[in-house]
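Reading the structure
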Amino acid sequence: MASTQKKLVTDGSILFASTLLVNAGNYAINLVFGRWLGPSDFSEVSLLVTLILMVSFFALAFQLTAAKYVASYEAEGKQSLITGISAWLNKRAVMGGIAMMVIVVSMSVFWQDFFQTSSYLPFAILGIGMPFYMLMSVNRGILQGKLNYKKLALTYQSEMWVRLIVSMALVYLGYRVNGVAWGLTLSLIATWWISRVKTDSSTSGDTSFDQKDVLKFLLMILLYECSQILINNSDIILVKHFFEPEEAGLYAAMALIGRIVYFGTWTVVTLLFPIVVKLEKEGKDHTLYFVGGLAVVGIIAAGIVLFSYLFPEMMVNILFGEAYISIAPLLWKYALATALFALSNVFVYYHISLDRVLPVWISILGGIAQIVLISLFHADFEQIINVQIYLMIGLMASMILFHFGHTFLKSSKS
């Protein structure tokens, strides 16, 4: 038992360190593009990255579903069920990926007009990678469920390094936004190849698992990831629609810096989810893991918000340069909104791992409210950010009330 915990801590630390490096690499790519391309073209690059992030939330639904059931079957020693559910999820991931590819590629001219971009080609190029992205996510979920954090870390590393090398090389050669699109697509294909999980050839796939239960959980996660899309990306999409390209590029840079909080703490959720599922299956207490995860996210988030409040101009100057200095006064506010969202995320994923769905619906309402309110109130950047802060305070308060309310009801019944 002690050796297992030691391995979990060691491998978890490797994943945490790897994720920090990956986030630093992805930020480095965007910082270079912000300087090389200028605000106007950078707004198009940011749009592509935002679209990938939106798709990633759908992909994450497959990843977390695989992680939950693989962790559960692993705890019970049911390897044949792991093989069976992996094949079941892969089939549906391919179907979903092909559907996304068709939508993105066939509507590329519409996207060009709606988002006021210079070409439809980046959207078409991006669409090619969708099926590979969905398959890669199932593979990542299997690794996550098996607590194979070393190989999981390798998949994140490969995605970042391929994206960095290909994108920067093509942009340097003059392909600009199209080069970034190819970098994103090729990184997805390469990472799918690396993430493939070997199955035990002596174990046939068992499909006797409750497929309705798996589908129900997958749909629940898809619903929550929809709220993630709405909250995490709708502001950039709406700013790109309502504002001029130059202004949209400035907002995109501010969002990129502010979201250091979210991506810097994502690993905590990645580690927490399968552990809670496994402990719940074994009938063991997992409260300490939840509190610990919340504390880590809170400390990291508070540090980043404080730093962006004290040294906003220095951060903008170092990361993007003088051309973006006008966003500095608003930086801490954006970071605060993201910090509140990151903390809410810990609550939601903890309760999702225990099959509690109300936090999902609360988040969806928050995401819809954000789109409606930003569509109504977008006079300037500060008004848009204030809308997000007030909504995230409400979301966080709702999660706290639900958590303690559920805990109280559970203790009163026992």
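Per-chain numbering applies: the sequence of each chain, read as written, is numbered from 1 onward. Totals for whole chains, interfaces and linings use all residues, but because this is a predicted model, local features are given only for residues with pLDDT of at least 70 and pairs of side-chain atoms are given and counted only at 80 or more. In computing side-chain properties, one takes all heavy atoms of the structure into account and sets aside hydrogens as well as water.

**Quick look at the overall build of the protein chain**
Looking only at helices and strands, the protein chain features 15 helices and 0 strands. Taken over C-alpha atoms, the radius of gyration is set against a globule rule of 2.2 Å times the number of residues to the power 0.38. What you see for the protein chain is a C-alpha radius of gyration of 21 Å, in line with the 22 Å of a compact globule of 414 residues. For the protein chain, the spread of C-alpha atoms along the principal axes amounts to about 55 × 50 × 35 Å. Here the term buried applies to any residue with accessible area under 20% of the maximum for its type, exposed to any over 50%, and partly exposed to those in between, with areas from a 1.4 Å probe on protein chains only. In the protein chain, buried positions account for 55% of the 414 residues. Contact criterion: two residues are considered in contact whenever any of their non-hydrogen atoms come within 4.5 Å of each other. In the protein chain, the share of contacts with a sequence separation of at least 24, taken over all contacts with a separation of at least 6, comes to 83%. Summed over its atoms, the accessible surface of the protein chain is roughly 17,600 Å², and 69% of this surface lies on carbon and sulfur atoms. Residues counted as positive are Lys and Arg, residues counted as negative are Asp and Glu, and His and the chain ends are not counted. Where a charge lies is defined by one atom per residue type, namely NZ (Lys), CZ (Arg), CG (Asp) and CD (Glu). Here the protein chain contributes 26 positive and 24 negative side-chain charges, whose respective centroids are spaced 11 Å apart. Only DSSP runs of H or I with at least four residues qualify as helices, and only runs of E with at least two residues qualify as strands; both kinds are numbered from the N terminus onward. Working definition of accessibility: Shrake-Rupley area with a 1.4 Å probe, residue cover restricted to the visible protein chains.

**What to know about the side chain of Thr191**
The topology assignment puts Thr191 in helix α7 (residues 176-195). A residue is classified by how much of its surface remains accessible, and Thr191, at 0% relative accessible area, is buried. Under the rule applied, a polar contact is a pair of N or O atoms within 3.5 Å (in protein, one hydrogen donor and one hydrogen acceptor; residues adjacent in sequence only if both atoms are side-chain atoms). A distance of 3.4 Å separates polar atoms of two side chains, one belonging to Thr191 and the other to Ser158. Beyond its immediate sequence surroundings of up to four residues, Thr191 is in contact with Met136, Arg140, Thr155, Ser158 and Glu159.

**Considering the nonpolar core**
Core analysis: the largest hydrophobic core is formed by 140 residues, its most contacted members being Phe42, Tyr251, Met254, Phe320 and Ile352. Those residues in contact with Phe320, other than ones at most four positions away along the chain, are Asn30, Leu31, Gly34, Arg35, Phe42, Ala253, Leu256 and Ile257. For the purposes of this section, nonpolar cores are sets of buried Ala, Val, Leu, Ile, Met, Phe, Trp, Tyr and Cys residues that join through side-chain atoms within 4.5 Å.

**Observations regarding the packing of aromatic side chains**
Within 6.5 Å between ring centres, the rings of Phe, Tyr and Trp (the latter by its six-membered ring) count as paired, and their orientation is classed by plane angle as stacked under 30 degrees, edge-to-face over 60, tilted in between. Tallied over the full model, the rule gives 18 aromatic pairs. When the centroid spacing of 5.9 Å and the interplanar angle of 85° are considered together, the rings of Tyr69 and Phe217 count as edge-to-face. Here the residue Tyr69 occupies a position in helix α1 (residues 2-76), and Phe217 occupies one in helix α8 (residues 211-242), the gap between them amounting to 148 residues. You can call Tyr69 buried: its relative accessible area is 7%.

**A few points about the pattern of salt bridges**
Salt bridges are counted wherever a side-chain nitrogen of Lys or Arg sits within 4 Å of a carboxyl oxygen of Asp or Glu. Tallied over the entire structure, the rule returns 6 salt bridges. Of the charged contacts, one joins Glu159 and Arg163 as a salt bridge, the two residues approaching to 2.7 Å between their closest N and O atoms. Here Arg163 and Glu159 lie together in helix α6 (residues 149-172), a separation of 4 residues that amounts to about one turn. Through salt bridges with shared partners, a single ionic network connects Arg140, Glu159 and Arg163.

**Points about helix α11 (residues 287-310)**
Residues spaced three or four apart along an α-helix point in a common direction, a consequence of the helix completing one turn every 3.6 residues. By this rule the span expected of a helix is its residue count minus one, scaled by 1.5 Å. Relative to the 34 Å expected for 24 residues at 1.5 Å per residue, α11 spans 35 Å between its end C-alpha atoms, a close match to the ideal helical length. Turning to α11, its buried residues are Phe290, Gly293, Leu294, Val297, Ala301, Ile304, Val305 and Ser308.

**Brief notes about α7**
The end-to-end C-alpha separation of α7 is 29 Å, in line with the 28 Å expected for 20 residues at 1.5 Å each. The complete set of buried residues in α7 reads Val177, Gly179, Val180, Ala181, Gly183, Leu184, Thr185, Ser187, Leu188, Thr191 and Ser195.

**As for the side chain of Ser187**
As for its placement among the helices and strands, Ser187 is situated in helix α7. For Ser187, a relative accessible area of 0% puts it in the buried group. A distance of 2.6 Å separates a polar side-chain atom of Ser187 from the backbone oxygen of Leu184. Excluding residues that lie within four positions of it along the chain, Ser187 makes contacts with Glu159, Val162 and Arg163.

**Quick notes on the environment of Phe57**
Along the chain, Phe57 turns up in helix α1. A residue is classified by how much of its surface remains accessible, and Phe57, at 5% relative accessible area, is buried. In this structure, the C-alpha to C-alpha distance between Phe57 and Ile393, residues 336 residues apart in sequence, is 22 Å. Not counting chain neighbours up to four residues away, the residues in contact with Phe57 comprise Glu225, Gln228, Ile229, Asn232, Asn233 and Tyr262.

**Focus: a nonpolar patch on the surface**
Candidates for patches are residues over 30% relative accessible area with no salt bridge; among them, like charges are joined within 9 Å and nonpolar side chains (Val, Leu, Ile, Met, Phe, Trp, Tyr) within 5 Å. Among the surface-exposed residues, Leu306, Phe307, Tyr309, Leu310, Phe311, Met314 and Ile318 lie close enough to one another that they form a single nonpolar patch of about 710 Å² accessible area. With 4 residues, α11 is the largest single contributor of residues to the nonpolar patch. Tracing the chain through its elements places Phe311 in the loop between α11 and α12 (312-319). Assessed through its relative accessible area of 38%, Phe311 is described here as partly exposed.

**Side note on the packing of α8 against helix α9 (residues 245-258)**
When two helices pack together, you describe them by how their axes are tilted relative to each other and by the distance separating the axes. Axis geometry follows a simple rule: fit a line to the C-alpha atoms, using only the stretch in contact for helices, then measure angles between N-to-C directions, giving values from 0 to 180 degrees. Running from amino to carboxyl end, α8 crosses α9 at an angle of 165°, the nearest separation of the two axes being 9 Å. Here α8 lies roughly antiparallel to α9, going by the angle between them. The handedness of the crossing between α8 and α9 is right-handed. The segment α8 lies against α9, with Asp235, Ile236, Val239 and Lys240 engaging Ala248, Tyr251 and Ala255. Looking at the contact of α8 with α9, its residues break down into 5 nonpolar, no polar and 2 charged. Any angle that falls under 35 degrees is termed roughly parallel, while one over 145 is termed roughly antiparallel, one within 65 to 115 roughly perpendicular, and all others oblique. Each crossing gets its hand from how the near helix is turned against the far one by less than a right angle, where anticlockwise is left-handed and clockwise is right-handed. Residues were grouped as follows: Ala, Val, Leu, Ile, Met, Phe, Trp, Tyr, Cys and Pro as nonpolar; Asp, Glu, Lys and Arg as charged; and all remaining residues, including Gly, as polar.

Scope: geometric values only; no functional claims are made or implied.
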